Amino acid sequence: MSESEVILDIFSSFKRGMQLYFAMPELPKELKPRHESTSSRLAACLRPYFPQTVSVDTGLMGADIVVWADNKPLLALFWSSSYLGKERRMKAIAFHERRKPVLTLAFSLFPSRNRFLVYRIEDGFIDYLHIDKKTLGEEVLRRCTIDEGKKDDGQLFLPLGRKRKPTS
């Protein structure tokens, strides 16, 4: 299997696991789970989509979730409920450059929206994607080099519906 096929397979497993996560019943609003609890739920949803020979762990090597085999990370995940700040994105990029996983993803869950935002870090590039939570359809928003991504102070935002001015 070529490296690009391995990346596609890992990304596909990630998306199927996320689809399972988004299909789970939502926790009541008054229960705000800790970051570690949500990471455990995400890891449990990802586990069925990876071979039994790999491990899926939380809080390993500085990432929120790491899928690894033979002491090498295959997939590193960094996530947030809302928009990822620059510090989180930089942490994901630094992890990718230092640990050299096949794929590193940083993503924003956006519980109240129908899609989530993913920063896919691989092969010297960062792809910014919107992924539909139900269909897993992808929309590429932007692609840049990792160096450009390090300099990027901005944030890609989900487009919000425009409020209409009341008519009299």
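Because the structure is a prediction, the values reported are computed rather than measured. Within any chain, residue numbers begin from 1 and follow the written order of that chain's sequence. Local features in a predicted model are, by the rule used here, given only for residues with pLDDT of at least 70; side-chain atom pairs are given and counted only at 80 or more, and totals for whole chains, interfaces and linings are based on all residues. Think of the side-chain values as coming from all heavy atoms in the structure, minus any hydrogens and water.

(A) Seen up close, the overall build of the protein chain. Along the protein chain, the regular secondary structure elements total four helices and seven strands. Reading the secondary structure of the protein chain in the N-to-C direction produces α-α-β-β-β-α-β-β-β-β-α. For the protein chain, with 168 residues in total, the buried portion stands at 40%. We call two residues in contact when some of their heavy atoms are within 4.5 Å. Taking as baseline every contact in the protein chain between residues at least 6 positions apart, the subset at least 24 positions apart corresponds to 50%. Element-wise, carbon and sulfur atoms account for 53% of the exposed surface of the protein chain, whose accessible area totals about 9800 Å². In this text, helices come from DSSP runs of H or I with a minimum length of four residues, and strands from runs of E with a minimum of two, each type numbered from the N-terminal end. Categorising residues by exposure relies on relative accessible area from a 1.4 Å probe, with only protein chains included: less than 20% of the type maximum marks a residue as buried, more than 50% marks it as exposed, and the intermediate range marks it as partly exposed. To be clear on the numbers: accessible area is Shrake-Rupley with a 1.4 Å probe, and residue cover counts the displayed protein chains and nothing else.

(B) Representation of the layout of surface pockets in the model. As a volume, the second largest pocket reaches approximately 160 Å³. Method remark: on a 1 Å grid restricted to protein atoms, a set of points is classed as a cavity if a 1.4 Å probe fits but cannot get out and as a pocket if it is open with protein on both sides within 12 Å along at least five of seven lines; lining residues have an atom within 4 Å of a point. M1, V6, D9, I10, S13, Y49, F50, P51, V54 and L74 are the residues that line the second largest pocket. Examining the composition of the lining of the second largest pocket, we find that four residues originate from one element, helix 1 (residues 3-23), more than from any other. Here the lining of the second largest pocket is composed, by residue class, of eight nonpolar, one polar and one charged. Grid points are joined across faces, edges and corners, and a volume is the space filled by probe spheres set on the points. Residues are grouped as follows: Ala, Val, Leu, Ile, Met, Phe, Trp, Tyr, Cys and Pro are nonpolar; Asp, Glu, Lys and Arg are charged; every other residue, Gly included, is polar.

(C) Seen up close, the packing of aromatic side chains. Ring geometry is summarised as follows: Phe, Tyr and Trp rings, the Trp one being its six-membered ring, pair when their centres sit within 6.5 Å, and such pairs are stacked at plane angles under 30 degrees, edge-to-face over 60 and tilted between the two. What the rule picks out here adds up to nine aromatic pairs. Put simply, the rings of F11, F14, Y21, F22, F107 and F116 touch in pairs and so form one group of aromatic residues. Throughout this description, the term charge over a ring refers to an Arg CZ or Lys NZ atom that lies within 6 Å of the ring centre and within 35 degrees of the ring normal. Lying across the ring of F110, R113 places its NZ or CZ 5.2 Å from the centre. Above the plane of the ring of F125 lies R143, whose end atom (NZ or CZ) is 4.3 Å from the centre.

(D) Structural view of the sheet that holds strand 2 (residues 65-69). For two strands to pair, DSSP has to find at least two bridges joining them. Pairing is mixed in the open sheet, where seven strands are placed in the order 1-2-3-4-5-6-7. Because the sheet does not close on itself, it has two edges, and the strands there are strand 1 (55-58) and strand 7 (138-145). The mean inter-strand angle of the sheet, taken between neighbouring strand axes irrespective of direction, is 20 degrees. The pairing of strand 1 with strand 2 spans four bridges and is classified as antiparallel. Only the stretch in contact is used when a helix axis is fitted, and all axes are lines through C-alpha atoms; the angle between N-to-C directions ranges over 0 to 180 degrees.

(E) Inspection of the pattern of salt bridges at higher detail. The salt bridge definition used is simple: a Lys or Arg side-chain nitrogen within 4 Å of an Asp or Glu carboxyl oxygen. Scanning all chains against the criterion turns up seven salt bridges. Between D64 and R88 there is a salt bridge whose closest N-O contact spans 2.3 Å. Of the two residues, D64 sits in the loop between strand 1 and strand 2 while R88 sits in helix 3 (residues 86-99), which places them 24 residues apart along the sequence. The exposure class of D64 is buried, given its relative accessible area of 9%. Judged by relative accessible area, R88 falls into the partly exposed class, the value being 21%. E139 is the salt-bridge partner of R115, the closest N and O atoms lying 3.3 Å from each other. With a gap of 24 residues between them, R115 in strand 5 (residues 115-122) and E139 in strand 7 connect regions that are remote in the sequence. The class of R115 is partly exposed, set by a relative accessible area of 23%. Exposure remark for E139: the relative accessible area of 39% places this residue in the partly exposed category. Salt bridges linked by common partners bring R120, E122, D127 and R143 together as one network.

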